[in-house]
Amino acid sequence: MPLRIATWNVNSIKSRLEAACAWIKSAAPDVLCLQEIKCETGAFPAQAFEDLGYNVAVHGQKSYNGVALLSKWPMDDIITALPGNEADAQARYIEGVVMANGAAVRVASIYLPNGNPADTEKYSYKLAWMARLKAHAQNLFQHEEALVLAGDYNVIPQPEDVHNPASWVDDALFKLETRSAFREIINLGFTEAFRAVDCSVKRYTFWDYQAGAWQKNNGLRIDHLLLSPEAAMRLIACEIDKSPRGAEKPSDHTPIWADLRT
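Please read all numbers here as calculations on a predicted model, not as lab measurements.

A closer look at the overall build of the protein chain
Consideration 1: Within the protein chain, the secondary structure is distributed over seven helices and 14 strands.
Consideration 2: The buried share of the protein chain, reckoned over its 262 residues, is 53%.
Consideration 3: Of all intrachain contacts in the protein chain linking residues separated by at least 6 positions in sequence, the fraction that spans at least 24 positions is 68%.
Consideration 4: Accessible area of the protein chain: about 11,200 Å², with a carbon and sulfur share of 50%.
Consideration 5: With 26 positive and 32 negative side-chain charges, the protein chain shows a spacing of 5 Å between the two charge centroids.

Describing the packing of aromatic side chains
Consideration 1: Evaluation of the coordinates by the stated rule reveals five aromatic pairs.
Consideration 2: Ring centres of Phe44 and Phe49 lie 5.6 Å apart, and the angle between their planes is 25°; this geometry places the pair in the stacked category.
Consideration 3: Across the ring face of Trp257, the terminal group of Arg4 is positioned such that the distance to the ring centre comes to 3.7 Å.
Consideration 4: When the ring centre of Phe174 is taken as origin, the NZ or CZ atom of Arg179, which lies over that ring, is 4.1 Å away.

Structural notes on the environment of Ala193
Consideration 1: Inspection of the secondary structure assignment puts Ala193 in helix 5 (residues 193-197).
Consideration 2: A residue is classified by how much of its surface remains accessible, and Ala193, at 0% relative accessible area, is buried.
Consideration 3: Taking C-alpha positions, Ala193 is 18 Å from Ala181, a pair spaced 12 residues apart along the chain.
Consideration 4: If we skip the residues at most four places from it in the chain, Ala193 touches Leu225, Leu227, Leu235, Cys238 and Ala258.

Section: the sheet that holds strand 5 (residues 75-79)
Consideration 1: Taking strand neighbours across the sheet as the criterion, the six strands line up as 5-6-7-8-12-9 in an open arrangement whose pairing is mixed. The strands lining the two open edges of the sheet, one partner per strand, are strand 5 and strand 9 (191-192).
Consideration 2: Against the sheet, helix 3 (residues 121-141) touches strand 6 (93-100), strand 7 (103-111) and strand 8 (146-152), its axis set at about 25° to strand 6.

Points about helix 4 (residues 176-186)
Consideration 1: Considered for burial, the residues of helix 4 that qualify are Thr178, Ala181, Phe182, Ile185 and Ile186. One face of helix 4 carries all of its buried residues, which in axial projection span an arc of 150°.
Consideration 2: Lining the buried residues of helix 4 we find helix 3, strand 9 and strand 12 (223-227).

As for the nonpolar core
Consideration 1: In terms of nonpolar packing, the biggest core is built from 28 residues, with Ile5, Val107, Val148 and Leu225 touching the most fellow members.
Consideration 2: Those residues in contact with Val107 that lie beyond four places of it in its chain are Ile5, Val31, Cys33, Leu69, Ile94, Glu95, Gly96, Val98 and Val148.
Consideration 3: Among the nonpolar cores identified, the runner-up in size contains 21 residues, and Ala6, Trp8, Leu32 and Phe44 belong to it.

Calculation notes
- Residues numbered from 1 in each chain as written.
- Predicted model: local features only at pLDDT ≥ 70, side-chain atom pairs only at ≥ 80, totals over all residues.
- Heavy atoms only, no water.
- Helix = DSSP H or I, 4+ residues; strand = E, 2+ residues; numbered from the N terminus.
- Buried < 20%, exposed > 50% of the residue type's maximum accessible area, 1.4 Å probe, protein only.
- Contact = heavy atoms within 4.5 Å.
- Areas by Shrake-Rupley, 256 points an atom, 1.4 Å probe, with all protein chains shown as cover.
- Lys, Arg positive; Asp, Glu negative; His and termini not counted.
- Charge placed at Lys NZ, Arg CZ, Asp CG, Glu CD.
- Phe/Tyr/Trp six-rings, centres within 6.5 Å; stacked < 30°, edge-to-face > 60°.
- Lys NZ or Arg CZ within 6 Å of the ring centre and 35° of its normal.
- Pairing = 2+ DSSP bridges.
- Axes fitted to C-alpha atoms, helices over the stretch in contact; angles between N-to-C directions.
- Arc of directions from axis to C-beta.
- Core = buried A, V, L, I, M, F, W, Y, C linked by side-chain atoms within 4.5 Å.

Shown next, in the form of structure tokens:
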């Protein structure tokens, strides 16, 4: 059986708990990376996921941000902060090693800063965070292990990944500096899982709640799974599951998953 690793920005786990449990039962991911859980670590509804057979690791923050790892397999070496800035109190990164069928896969759940407005310190923070992520990924590469960096990157990689590229040129998600920083991370040796198997356009992971974006398919592809060479060689499939976005009271993001040979 392949190892299914999924990522999903749930936009408040308390508001989306029922939807998350329903999707887990349907899609059966072995590992699920959650972002924007919007609750403190102790307030995360871990029991609901443990009842479904998952081990849970959480790095939360009151009302904002927050990331979690759910795994059917034991997890070790949990890291709850992106190295490089001890003063950074925002809960945006969690990493662990999953032991699946005797094989280790290191998985991170990432909630990269939005960065808007792009003419403020929020954008400087975004670029600095991406530089820290690159440095950390470079260090992880030295282990030559299967590594999956999954999450909401708040990065539109290419024009075909947004419904109207011209209107996003000055947005922090699509600015040239953002895309260049993302490309620098990719160029360390990562494979972007979805584009490795699907080159079609109008495939998105996010649709705004406003202006009928979902109904018109005016979306963005900003949720990604980056695979190290050791993980990429095991890639079988990668798919965006749009069904949760069309449900009642949905997150504005939808899950994306990749299957790896074990």
